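Structural description and commentary
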Amino acid sequence: MGPHPAVAAIRLAVRRVLHDILTEHSPADALAPGRSRATSYGIAHVTPSVALLPVPSTGGTPAAYDTAVEPSYELPGALPQDSPRTTEHERPPSPLVLVACSGGADSMALASALAFEAPKLGIRAGGITVDHGLQPGSDLRAEEVVLRMRELGLEPVESVAVTVGRAGGPEAAARDARYAALDDAAARHGAVAVLLGHTRDDQAETVLLGLARGSGIRSLSGMAAVSGADGRYRRPFLGLDRQTARKACMVQALPVWDDPHNADPAYTRSRLRQEGLPALEKALGKGVVEALARTAQLSRDDADALDAWARQAEAAVRDAAGLLECAKLYALPPAVRRRILRRAAIEAGAPAGALFARHIEEVDRLITGWRGQGAINLPGKVVAQRQGGRLVIRQG
């Protein structure tokens, strides 16, 4: 008898991501003809004995996992004849993958799936928990999470304390401090990837928040499955709902911690989670979360295509001195032109997080609605102005 459907779903999601990581980080010179990515890391060729497990699409498990595959991996003692055995001193080090674990249901489910799947692929698995210091006893809670990760078999594991500033509001400041700590931990341990437990519900919330800000299609694209420097951050659960992760913890008897901030109406995302999304589902019916997550993917595809177009077009609208020519910019579609303007403002020193759509619209009017208006002040003390048919964006 196979695992519970929810457990099978989270393991399958993590397994797919780990396979991607192996493919990306296997040294090319370690791959001889007839050798798999797994054997290049010094483990025998992984041949799954596949059994199809019927997974009902009820109880929060998405229909995409109705036939989840739960292979039992066999590591034969000998490699195929055409695959020369790698000696110990030639064997490349096993890659390390970390999980960011808060102790909540989503990240605990992710940690358990990583601990189960990583050894089968010759991957080392560790974990990091970040203590934001925003609640009494947060240090003790972080140590409990470290203990739980060790009990799962993760190593190395550690708790990292951070100081949360005020820039951008409490939620943004906490997020910035958390990612800085995760970046540092990944660098110190030499990790090739950090897994994050964001679910389809989190994605839906992110899309709605972007819609409320009116920030454009990139904001509507939500969180990427792969992000960060060199694709460091991976989100295996973007196709799974929050209930699936919680169910997986329950059937595995994994203790979870429910952060009271997630229900605190002082936080925008909490209000959206507790009031906004339920109201939308009541008014529009079930399926809102799935539709918003699908919107995120479609928006991301469109935004990626437009970004690529803008990068290609930028060289053609600059003169020999590298200045942007207003007439050539005017001929471009607005979505492409504004991307070029945004990139130019950021390159001049405008902070990307403080540069909003309204700023770019004002700069765009120097191209499309020129009436002799003066310079436009942008965040980061950057100034944009039109001079002799050229758009000049520089530090003021």
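Anything mentioned here points back to the structure above.
Keep in mind the model is a prediction, meaning the values are calculated, not measured.

Looking only at helices and strands, the protein features 13 helices and 14 strands. Counting every position in the protein, which comprises 396 residues, the buried fraction comes to 47%. Considering only residue pairs separated by 6 or more positions, the protein has 67% of its internal contacts joining residues 24 or more positions apart. Taken as a whole, the protein presents about 19,600 Å² of accessible surface, with 55% of it coming from carbon and sulfur.

Here we come to the sheet that holds strand E11 (residues 324-325). Judged by pairing direction, the sheet is antiparallel, and its four strands sit side by side in the order E11-E14-E13-E12 without closing on themselves. In the strand order of this sheet, the two ends are held by E11 and strand E12 (376-378), each with one partner. Pairing of E12 with strand E13 (residues 382-387), which is carried by three bridges, proceeds in the antiparallel orientation. Considered in E13, the bridge of Leu-378 is made with Val-382. In the packing of helix H12 (residues 334-347) onto the sheet, contacts are made with E11, E12, E13 and strand E14 (390-395), and the angle to E14 comes to roughly 35°.

The next point concerns the environment of Leu-96. Within the fold, Leu-96 resides in strand E5 (residues 96-100). For Leu-96, a relative accessible area of 1% puts it in the buried group. Leave out the neighbours within four places in its chain, and Leu-96 touches Arg-124, Ala-125, Gly-126, Glu-155, Pro-156, His-189, Gly-190, Ala-191, Val-192 and Ala-193.

With that out of the way, let us pick up the sheet that holds strand E10 (residues 233-234). If you walk across this open sheet you meet the six strands as E7-E6-E5-E8-E10-E9, and the pairing is mixed. The open sheet has two edge strands with one neighbour each: strand E7 (157-161) and strand E9 (226-227). Bridging between E9 and E10 involves two bridges; their strand directions are antiparallel. Paired with Val-226 across the two strands is Arg-234, which belongs to E10. The strands touched by helix H3 (residues 105-117) within the sheet are E5, strand E6 (124-131) and strand E8 (193-195), with E5 carrying the most contacts at an inclination of about 160°.

Running from N to C, helix H1 (residues 5-25) and helix H8 (residues 242-251) cross one another at 115°; their axes reach a closest spacing of 8 Å. Our pair here, H1 against H8, has a crossing hand that is left-handed. For the pair formed by H1 and H8, the contact residues are Ala-6, Val-7, Ala-9 and Ile-10 on the first element and Thr-244, Lys-247, Ala-248 and Val-251 on the second. Grouping the amino acids of the contact of H1 with H8 by side-chain chemistry returns six nonpolar, one polar and one charged.

One pass over the full model with this rule turns up 26 salt bridges. Ionic pairing is found between Arg-200 and Glu-290, a salt bridge with its closest N-O pair at 3.7 Å. Residue Arg-200 is located in helix H6 (residues 200-213), and its partner Glu-290 is located in helix H10 (residues 288-314); the two are separated by 90 residues in the primary sequence. We classify Arg-200 as buried; its relative accessible area is 11%. In this structure, Glu-325 engages Lys-328 in a salt bridge whose closest nitrogen and oxygen atoms are separated by 3.3 Å.

Quick look at the nonpolar core now. Leu-18, Ile-21, Val-97, Leu-114, Leu-154, Leu-195 and Phe-237 are the most contacted members of the largest nonpolar core, which totals 39 residues. Those elements giving two or more residues to this core turn out to be H1, E5, H3, helix H4 (138-152), E8 and H8. For this core, the leading source of residues is H1, giving ten residues. Judged by nonpolar contacts, the second largest core, of 25 residues, contains Val-336, Leu-341, Leu-366 and Ala-384.

Reading guide: rules and limits
Residues numbered from 1 in each chain as written. Predicted model: local features only at pLDDT ≥ 70, side-chain atom pairs only at ≥ 80, totals over all residues. Heavy atoms only, no water. Helix = DSSP H or I, 4+ residues; strand = E, 2+ residues; numbered from the N terminus. Buried < 20%, exposed > 50% of the residue type's maximum accessible area, 1.4 Å probe, protein only. Contact = heavy atoms within 4.5 Å. Areas by Shrake-Rupley, 256 points an atom, 1.4 Å probe, with all protein chains shown as cover. Pairing = 2+ DSSP bridges. Axes fitted to C-alpha atoms, helices over the stretch in contact; angles between N-to-C directions. Left-handed = near helix turned anticlockwise from the far one by under 90°. Nonpolar A, V, L, I, M, F, W, Y, C, P; charged D, E, K, R; others polar. Salt bridge = Lys/Arg side-chain N within 4 Å of Asp/Glu carboxyl O. Core = buried A, V, L, I, M, F, W, Y, C linked by side-chain atoms within 4.5 Å.

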